[in-house]
Amino acid sequence: MPFSPTDAPRIETFTGTAAEAVALLLPLCEAVFPGFDPGYLANRLPHVADPHLLLARREDGVPVGFKLGYRRGESLFYSWLGGVAPEARRIGLAALMMERQHEEARALGYRHVETRTRAANNPMILLNLRHGFHVAGFEVDGHGIPVVTQRKALEE
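Predicted model, so just to flag it, every value in this text is computed and none were measured.

Novice: What am I meant to see in the environment of V147 here?
Specialist: Residue placement: V147 occurs in strand 7 (residues 146-153). In this structure the C-alpha to C-alpha distance between V147 and A88, which are 59 residues apart in sequence, comes to 26 Å. If we skip the residues at most four places from it in the chain, V147 touches R116, T117, R118, A119, G137, F138, E139 and D141.

Below, the structure written as structure tokens:
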């Protein structure tokens, strides 16, 4: 169901355990990413440094968006996974979560944020460019998929 401006999802910083985060995120990842491998999240999340998760929830508490990242070096925050459920798209939620993630990363002392995106994911690449990222690299991953690396300085 689409959202009106009065019932827009609220964004919160998640403070639970990695196992709780995985349980919340798996259904959302499966809705956002066709063919999503649950092991990708479940096996990796418990091992990343200083994970930081933002959740966008409907009024009834159901997650409809997320932005997940972690520490990669002393001053680099890596924005790893994020997405918005189909019913919550086109209301600016991805941009709001990105802005909030960058504000919180800056407050935690990070100086840069970096992300990798499949080269075919033009909407994400364009969103990143509109929010101050620049293209920092390009590669073909181990599965033969072209990937763009984008980076942004977090202004003080």
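Past the structure itself, the notes keep going.
Novice: Is there a simple way to think about the nonpolar core in this case?
Specialist: Across soluble globular proteins, nonpolar side chains show a tendency to be buried alongside one another. By size, the foremost hydrophobic cluster in this structure holds 27 residues, and its most contacted members are L25, L41, L45, L53, F66, L68 and W80. Of all elements in the fold, only helix 1 (18-32), strand 2 (49-57), strand 3 (63-71), strand 4 (76-84) and helix 3 (93-107) reach the threshold of two or more residues within this core. The biggest single contributor to this core is helix 1, with seven residues. Look past the residues within four positions of L45 in its chain and what remains in contact with it is A18, A21, V22, P51, L68 and W80. Residues M98, A105, V113 and L127 belong to the second largest nonpolar core, which totals nine residues.

Novice: For this particular structure, what's the right way to read the pattern of salt bridges?
Specialist: When the charged atoms of two side chains with opposite charge come close together, those side chains can pair. One pass over the structure, following the stated rule, counts eight salt bridges. Across the pair R116 and E139 runs a salt bridge, and its minimum N-O distance is 3.4 Å. Remark: E139 occurs in strand 6 (residues 134-140) and R116 occurs in strand 5 (residues 112-118); sequence separation between them is 23 residues. We classify R116 as partly exposed; its relative accessible area is 31%. One network of salt bridges, in which partners are shared, links R10, E12 and R57.

Novice: Help me out: how do you make sense of a nonpolar patch on the surface in this one?
Specialist: Together, L126, L129 and V135 make up a nonpolar patch on the protein surface, roughly 260 Å² of accessible area in all. With respect to the helices and strands, L129 occurs in helix 4 (residues 122-130). With a relative accessible area of 39%, L129 lands in the partly exposed category.

Novice: I would appreciate a short explanation of the sheet that holds strand 3 in the present structure.
Specialist: Strand pairing in a sheet takes place through backbone hydrogen bonds and is either antiparallel or parallel in direction. The strand order across the open sheet formed by seven strands is 1-2-3-4-5-7-6, and the pairing between neighbours is mixed. Of all the strands in the sheet, just strand 1 (10-13) and strand 6 have a single pairing partner and so form its edges. Neighbour-to-neighbour, the strand axes of this sheet turn through a mean angle of 25°, independent of strand direction. Bridge count between strand 3 and strand 4: seven bridges; the pairing is antiparallel. Residue pairing across strands places K67 opposite G82, the latter belonging to strand 4. Of the strands in this sheet, strand 2, strand 3 and strand 4 are in contact with helix 1, which crosses strand 3 at around 115°. Those strands touched by helix 3 are strand 1, strand 2, strand 3, strand 4, strand 5 and strand 7, and its axis lies near 30° from that of strand 3.

Rules used throughout
- Residues numbered from 1 in each chain as written.
- Predicted model: local features only at pLDDT ≥ 70, side-chain atom pairs only at ≥ 80, totals over all residues.
- Heavy atoms only, no water.
- Helix = DSSP H or I, 4+ residues; strand = E, 2+ residues; numbered from the N terminus.
- Contact = heavy atoms within 4.5 Å.
- Core = buried A, V, L, I, M, F, W, Y, C linked by side-chain atoms within 4.5 Å.
- Buried < 20%, exposed > 50% of the residue type's maximum accessible area, 1.4 Å probe, protein only.
- Salt bridge = Lys/Arg side-chain N within 4 Å of Asp/Glu carboxyl O.
- Patch = residues over 30% accessible without salt bridge, like charges linked within 9 Å, V, L, I, M, F, W, Y side chains within 5 Å.
- Areas by Shrake-Rupley, 256 points an atom, 1.4 Å probe, with all protein chains shown as cover.
- Pairing = 2+ DSSP bridges.
- Axes fitted to C-alpha atoms, helices over the stretch in contact; angles between N-to-C directions.

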